[in-house]
Amino acid sequence: MVRFVLFLLATLFTNFTCRGVPIATPDFDERNEFVIKDPHDWGYRTFNGKNGLIGVLWPAGTSFNSADSAIFVFLQNNKEKLPAKPCNINLFVEKCPKANFKFASSKEKNDQTLSIAEQYFSGRCGRTMILFKEAIEEYVVIIALVSAQYVTKKQLADAKEVASAYRKEIEKSIKPLKDIALN
């Protein structure tokens, strides 16, 4: 009888300790106001934030953690007060510890002798780092295609498509505001 009681207590204790803590699930997905249709063959994740990293894409069939190529999407909204540290920058730093994204000052943005890399990054990431800059009114979107390999024509075309799609999304969001201001 004592063995049976000990067995029940051990079973009861094991069930409580094996159960674990439930995984916290937010009520809604964290999304940025600018979301695009992801290009074919890419995984895509958006992040909430006004200034900083707002999206990342990686080749399908891999995970963000294991991908050796990625497309990072940064936003600088010059109408908003820029934070000291760009939003969600830790994800970029994990993949590109030497690149160090920063917001461009108005002096840097107006300096025609500086490249996009010199304006927004203090170093490089991977073997290949291709940058696109889309300036739409008070918004500046920086698209960084980074890879440990040389990029393919398809990857380059996809990064251009991402840059174009974000431009369209921002223009779409600005248009209603312009229409309201005109009325």
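Residues numbered from 1 in each chain as written. Predicted model: local features only at pLDDT ≥ 70, side-chain atom pairs only at ≥ 80, totals over all residues. Heavy atoms only, no water.

Novice: How should the nonpolar core be read in this particular structure?
Specialist: General note: in soluble globular proteins, nonpolar side chains tend to be found buried as a group. Phe72, Phe74, Phe92, Phe101, Phe121 and Val146 are the most contacted members of the largest nonpolar core, which has 25 residues in total. Those elements giving two or more residues to this core turn out to be strand S2 (52-59), strand S3 (69-77), helix H2 (89-95), strand S4 (128-136) and strand S5 (139-147). Looking at this core, the element that brings in the most residues is S5, giving four residues. Every residue in contact with Val146, bar those within four places of it in the chain, is listed here: Asp68, Ser69, Ala70, Phe72, Cys96, Cys125, Thr128 and Met129. Residues Tyr44, Ile54, Leu57 and Val141 belong to the second largest nonpolar core, which totals 21 residues. (Core = buried A, V, L, I, M, F, W, Y, C linked by side-chain atoms within 4.5 Å. Buried < 20%, exposed > 50% of the residue type's maximum accessible area, 1.4 Å probe, protein only. Helix = DSSP H or I, 4+ residues; strand = E, 2+ residues; numbered from the N terminus. Contact = heavy atoms within 4.5 Å.)

Novice: I tried to follow unusual backbone geometry on my own but got confused; where do I start?
Specialist: Note on backbone geometry: most residues besides glycine have negative phi, and most peptide bonds are trans. One non-glycine residue, Asn88, lies in positive phi territory at about 60°. You can see Asn88 is positioned in the loop between S3 and H2. Phi at Glu137 takes a positive value of approximately 50°, unusual for a residue other than glycine. Structurally, Glu137 can be placed in the loop between S4 and S5.

Novice: What exactly am I supposed to notice about the pattern of salt bridges here?
Specialist: Side chains that differ in sign of charge can pair as their charged atoms come close. Within this structure, the stated rule accounts for five salt bridges. Residue Lys154 pairs with Asp158 through a salt bridge whose shortest N-O separation is 3.0 Å. Note that Lys154 and Asp158 are positioned in helix H5 (residues 153-182) at a spacing of four residues, about one turn of the helix. By relative accessible area, Lys154 is classed as partly exposed at 43%. (Salt bridge = Lys/Arg side-chain N within 4 Å of Asp/Glu carboxyl O.)

Novice: Would you explain the pairing of S3 in this entry?
Specialist: Looking down a regular strand, the side chains alternate between one sheet face and the other. Across the nine residues that make up S3, a large majority, nine, are buried. Here S3 shows a buried face lined by Ser69, Ile71, Val73, Leu75 and Asn77 and a second buried face lined by Ala70, Phe72, Phe74 and Gln76. Inspection of the sheet shows S2 paired to S3 by five bridges, in the antiparallel sense. What sits directly across from Leu57, in S3, is Ile71. In the sheet, S3 pairs with S5 via nine bridges, with the strands oriented antiparallel. Considered in S5, the bridge of Leu75 is made with Val141. (Pairing = 2+ DSSP bridges.)

Novice: Please clarify how the side chain of Ser147 should be interpreted in this entry.
Specialist: Following the sequence through the fold, Ser147 ends up in strand S5. Since its relative accessible area comes to 2%, Ser147 is described here as buried. At 3.0 Å, the side chain of Ser147 and the backbone nitrogen of Gln149 are in polar contact. Apart from residues no more than four positions distant in its own chain, Ser147 is found in contact with Asp68, Ser69, Gly126, Arg127 and Thr128. (Polar contact = N/O pair within 3.5 Å; in protein donor to acceptor, adjacent residues only side chain to side chain.)

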